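Observations on the three-dimensional arrangement
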Amino acid sequence: MEREAAVQKIEKQFDNTFITLSSKGKKSITENVLRHFRKVRHYKISWNVGRQAWIFKNNGESMDRKESKKGKSSVPTAVQAQAVPKNASVDHPSLYLNRELGWIDFNWRVLYQAMDERTPLLERVRFIAIAASNLDEFIQKRIGGLKRQEAAGIFDLSPDGRTPDTQVALVQKEAKKMQQHISGVWNQNLQPLLEKEASIKISFYNELDEKQKNKLDNYFLDHIYPTLTPLAVDPGHPFPFISNLSLSLAVKLRRPGRDAFNFARVKVPSNQPRWLRLKSDSHAWLYVPVEEVIRQNIHRLFPGMDVERVCVFRITRNADIRRNEEEAEDLLSMMSEELRERRFADVVRLEVEKDVDREVLNLLKDELHLGDSTNDIIYFDGLLDLTACFKLADTNIPDMHFDHWKPVIPKPLYHEGETEEELTIFDIIQKGDILVHHPYESFSGSVRRLIEEAADDPDVLTIKQTLYRTSDDSPIVKALIRAADKGKQVAVLVEVKARFDEASNIEWGKKLENAGVHVAYGLVGLKTHAKVALIVRREGDKHVTYCHIGTGNYHIHTAEVYTDLGLLTNDPDLGYDVTNLFHYLTGYAPDQEYRKLLVAPNHLRSSFYALIDREIKIAVNGGEGHIIAKMNALDDVGIIQRLYKASRAGVKIDLIVRGHSRLRPQLKGYSENINVISILGRFLEHDRIYYFGNEGNPDIFIGSGDWRYRNMNERVEAMVPITLPALKKRITSILKKALKDNRLAWEMHADGSYTQRRPADNEKEKDFHKLMMKNARKRAFK
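Residues numbered from 1 in each chain as written. Predicted model: local features only at pLDDT ≥ 70, side-chain atom pairs only at ≥ 80, totals over all residues. Heavy atoms only, no water.

1. Quick notes on the overall build of the chain
Across its full length, the chain carries 20 helices and 33 strands. Taking all 782 residues of the chain together, the buried fraction comes to 57%. For the chain, the share of sequence-separated contacts (at least 6 apart) that also reach a separation of at least 24 residues comes to 71%. (Helix = DSSP H or I, 4+ residues; strand = E, 2+ residues; numbered from the N terminus. Buried < 20%, exposed > 50% of the residue type's maximum accessible area, 1.4 Å probe, protein only. Contact = heavy atoms within 4.5 Å.)

2. Observations regarding helix 9 (residues 358-367)
Taken together, the buried positions of helix 9 are Val360, Leu361, Leu363 and Leu364. Within helix 9, the buried residues cover an arc of 160° as seen down the axis, which keeps them to one side. In the segment just after helix 9, His369 is the residue with positive phi, at about 60°. (Arc of directions from axis to C-beta.)

3. Focus on the pattern of salt bridges
Summed over all chains, the structure comprises 49 salt bridges. For Arg730, the salt bridge identified is with Glu441, shortest N-O distance 2.9 Å. Linking Arg730 in helix 19 (residues 725-740) with Glu441 in the loop between strand 16 (434-438) and helix 12 (444-456), this pair joins segments that are 289 residues apart in sequence. Taken individually, Arg730 and Glu441 each receive the classification buried, so the pair is uniform in this respect. Lys630 serves as the salt-bridge partner of Asp687, at 2.4 Å between the closest nitrogen and oxygen. Of this pair, Asp687 sits in the loop between strand 28 (684-685) and strand 29 (688-692) while Lys630 sits in strand 25 (residues 626-631), and the two are 57 residues apart along the sequence. Looking at Asp687, the relative accessible area reads 1%, which means it is buried. (Salt bridge = Lys/Arg side-chain N within 4 Å of Asp/Glu carboxyl O.)

4. Thoughts on the sheet that holds strand 9 (residues 247-254)
Taken in spatial order, the six strands make up an open sheet running 8-10-9-13-14-15, and their pairing is mixed. Two strands bound the open sheet, and with one partner strand each, they are strand 8 (231-233) and strand 15 (377-380). Strand-to-strand twist across the sheet, computed as the mean angle between neighbouring axes with direction ignored, equals 30°. Note that strand 13 (residues 306-317) and strand 14 (residues 347-353) share five bridges and pair antiparallel. Residue Arg314 lies in a different strand from strand 14, and its bridge partner there is Glu351. In the packing of helix 5 (residues 164-197) onto the sheet, contacts are made with strand 14 and strand 15, and the angle to strand 15 comes to roughly 15°. Its contacts with the sheet put helix 9 on strand 9, strand 10 (261-267), strand 13, strand 14 and strand 15, and the angle it makes with strand 10 is roughly 65°. (Pairing = 2+ DSSP bridges. Axes fitted to C-alpha atoms, helices over the stretch in contact; angles between N-to-C directions.)

5. Overview of helix 12
Taking 1.5 Å per residue as the helical rise, helix 12 with its 13 residues ought to reach 18 Å, whereas the 16 Å between its terminal C-alpha atoms falls clearly short. The sharpest bend along helix 12 measures roughly 30° and falls at Leu450. Here helix 12 has its buried residues at Gly445, Ser446, Val447, Arg449, Leu450, Ile451, Ala454 and Ala455. (Expected span 1.5 Å × (residues − 1). Bend = angle between axes of the 7 residues up to and from the residue.)

6. Quick look at the side chain of Arg743
For Arg743, the location among the structural elements is in the loop between helix 19 and strand 32 (745-748). A relative accessible area of 8% places Arg743 in the buried class. Aside from chain neighbours lying at most four places away, what touches Arg743 is Asp116, Arg118, Thr119, Gln756, Arg757, Glu765, Lys766 and Asp767.

7. Re the confidence of the model for the chain
Close inspection of predicted coordinates is inappropriate for parts of the model with low pLDDT. In this model, the chain carries a mean pLDDT of 88, and residues with pLDDT of at least 70 account for 86%. Below a pLDDT of 50 lies the segment residues 59-65, which in the model reaches 21 contacts outside its immediate sequence neighbourhood of four places, other chains included. Within the model, pLDDT remains below 50 along residues 324-329, and this stretch shows nine contacts once partners closer than five positions in the same chain are excluded. (pLDDT = per-residue confidence, 0-100.)

8. Thoughts on the packing of helix 12 against helix 13 (residues 475-485)
Between helix 12 and helix 13, the least distance of the axes is 8 Å, while the angle of their chain directions is 15°. The angle between the axes of helix 12 and helix 13 places the two elements in the roughly parallel class. Our pair here, helix 12 against helix 13, has a crossing hand that is left-handed. The residues of helix 13 that touch helix 12, namely those facing Arg448, Ile451, Glu452, Ala455 and Asp456, are Pro475, Ile476, Ala479, Leu480, Arg482 and Ala483. Class assignment of the residues belonging to the contact of helix 12 with helix 13 gives a composition of seven nonpolar, no polar and four charged. (Parallel < 35°, antiparallel > 145°, perpendicular 65-115°, else oblique. Left-handed = near helix turned anticlockwise from the far one by under 90°. Nonpolar A, V, L, I, M, F, W, Y, C, P; charged D, E, K, R; others polar.)

9. Comments concerning unusual backbone geometry
Cis geometry marks the peptide bond from His438 to Pro439, where omega comes out at 0°. Each neighbour pair has its own omega, and for Ala600 with Pro601 the value is 5°, a cis peptide bond. Mapping Pro601 onto the fold places it in the loop between strand 24 (598-600) and helix 16 (604-620). Phi angles above zero are rare outside glycine, and Asn87 is one such case at about 60°. By relative accessible area, Asn87 is classed as exposed at 70%. Phi at Asn694 takes a positive value of approximately 50°, unusual for a residue other than glycine. Along the polypeptide, Asn694 turns up in the loop between strand 29 and strand 30 (699-703).

10. Some remarks on the pairing of strand 13
Remark: a regular strand shows side chains that alternate across the two faces of the sheet. Looking at chain direction, strand 9 and strand 13 are connected through eight bridges and run antiparallel. Looking across to strand 13, one finds that Arg254 is bridged to Asp306.

11. Some thoughts on the packing of aromatic side chains
This model, assessed by the stated rule, comprises 14 aromatic pairs. A ring pair is formed by Phe608 and Tyr690, whose centres lie 4.8 Å apart and whose planes are at 55°; its orientation type is tilted. Of the two residues, Phe608 is situated in helix 16 and Tyr690 in strand 29; the sequence distance between them amounts to 82 residues. You can call Phe608 buried: its relative accessible area is 1%. With a centroid separation of 6.4 Å and 65° between ring planes, the pair formed by Tyr644 and Tyr670 is classed as edge-to-face. Of this pair, Tyr644 sits in helix 17 (residues 637-649) while Tyr670 sits in the loop between strand 26 (652-657) and strand 27 (674-679); the two residues are 26 residues apart in sequence, bridging distant segments of the chain. Look at Tyr670 and you get buried, because its relative accessible area is 5%. (Phe/Tyr/Trp six-rings, centres within 6.5 Å; stacked < 30°, edge-to-face > 60°.)

Dropping the structure here:
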């Protein structure tokens, strides 16, 4: 109120010299006036025409985040670093951070994007939905996995020296803290800001007028009521099955004249929109959550009963179901059975409104077989399941989104109008390897074009490809089916064990099989994570191979937001290697040899060890050993021990790790020469790049694998060397720009905490994503 009073004072005491009115009816106050008013000088003030009110946005730091001594933003830390004993060996638990707690710290950095006032408002709403969705997945996979180990009596220690039961207690506590904070950011910050700045109001019945209530009641009767199935619980009606992550209403009922209470569960229909929109004179968008409409009309489902209490709840089930692949007759049947089993897996979390009736809560706990741990239950005040905010984030208010970005066509592939006869993509690749960087450069104009042209080219004989994740409307799959229809030999490795994409991949596999495509569904004991495509083309009297080897999935939608690299090449050696890789994937050839490609689990670990050891030797001999690695996460103990050894030898090591890291940087005696940053922004950093200095003649690899145990030992991965000097120079430039970022980068410290970089006084802001967009335009149009 003090801010409003200050602005009213400005309006009253100063004439229009200091308050301007635009042609669209927007007012603004000049800065030379604002700085003289203590109550408003730290605010950016704008006039909301629809609400006819001043909107205040703090130019300073948010109250929701911590500040370091240097003014850098920091977030809570879940990992608990241990003191390192004197002369500890490199396998001592104190030299490693807990992977699960490290993941929670990663999600704190994601949540910070929703708290950062420099980020456009609707993108902040998107980030809170991402943080909530990430946490849902983490609870299902990681806490579910730890609980499975605990139940099985597994007491193996993690690299940081903790048993599964110890980790469950720590991780659940930290996850609960995060979930409550996510809810708080929504309730206290974003929801009010949406109303004030975007005129988007999330309303409840007590805030509606009678006309609006009647509108919703009629909608309920016409559209919702017929689809509801109230399920009673009594001796004749067992407790119903509750599906994973579905919203439900718990209803406490009582028959008039009887003492005992009755319980019923009503599932919120998944075929209804979460947000029901109403017309409003005061807001541009007025929404009511669908569960609120059902709650207010719940009495219509139970005539003759008194409705005493209604609360919303949601359960999360364990998604970490393990089966013995060696004993499975076929992987497809095994995965189909696992998906069915997952539907009925143990409940690992109950989310419920904080004013839940005690008798109802006890019944839910008993029927869902939840223990006495208070961390199994999350109590909510406000909206439950904030993944629904994805829909709100898509509201069309351009000023509240990131500036639109349209990926550019890589210059070598941009051929329209250059010649009377268009060059094929194969003609272009023959001129030299092409490096594509998504989403700065177009996936559709490069990788998709390659597969589609191959499908239609009469000289193409064979197409082979791996599919780990792809989109529901995948043009890649359609092109492969079209190629098979035209008589080409098409073989696809569809990975049916890709977590949370199993059902989709099984469906795609069946469609491809029905079209005559040769489909393999993965290897026993391994996930095929490599991103490779092989095309064999008849050119004169020769058969020439063309390859795509990349870091990301063949997914047209994620290619718009995930940063990934891909190499288009007709290098004969790489063609030989990828051919052998597919022989391994579809046949019996575990001991394949490769000329250039680094393949896991065969030789990837030993190859990385040798490359790190070479940098150690260079440093020991007085040279400048240098390693730069960019990845999604770092947890492989063998690699970390090698990096500690390299740091001790004087090798400079720069790591760009978006997610969790078990390695502790800047640790005296072990990792003083190791720096770790994490970059988070509008695009999801997904590419994997490995740079080994080699005394000025660097070896650079890109590919599908992180420095994680699962990538080295439990997956099929492919890393390709970049050999052309121009492409090596370009990738080196990408890495250097990432390392210099002072807008999106978070610096990791020895105790596992992170602080976000901010430009120093008089220092120019270096936003890695903006620089990459700018560079992409320059390359395309120079």
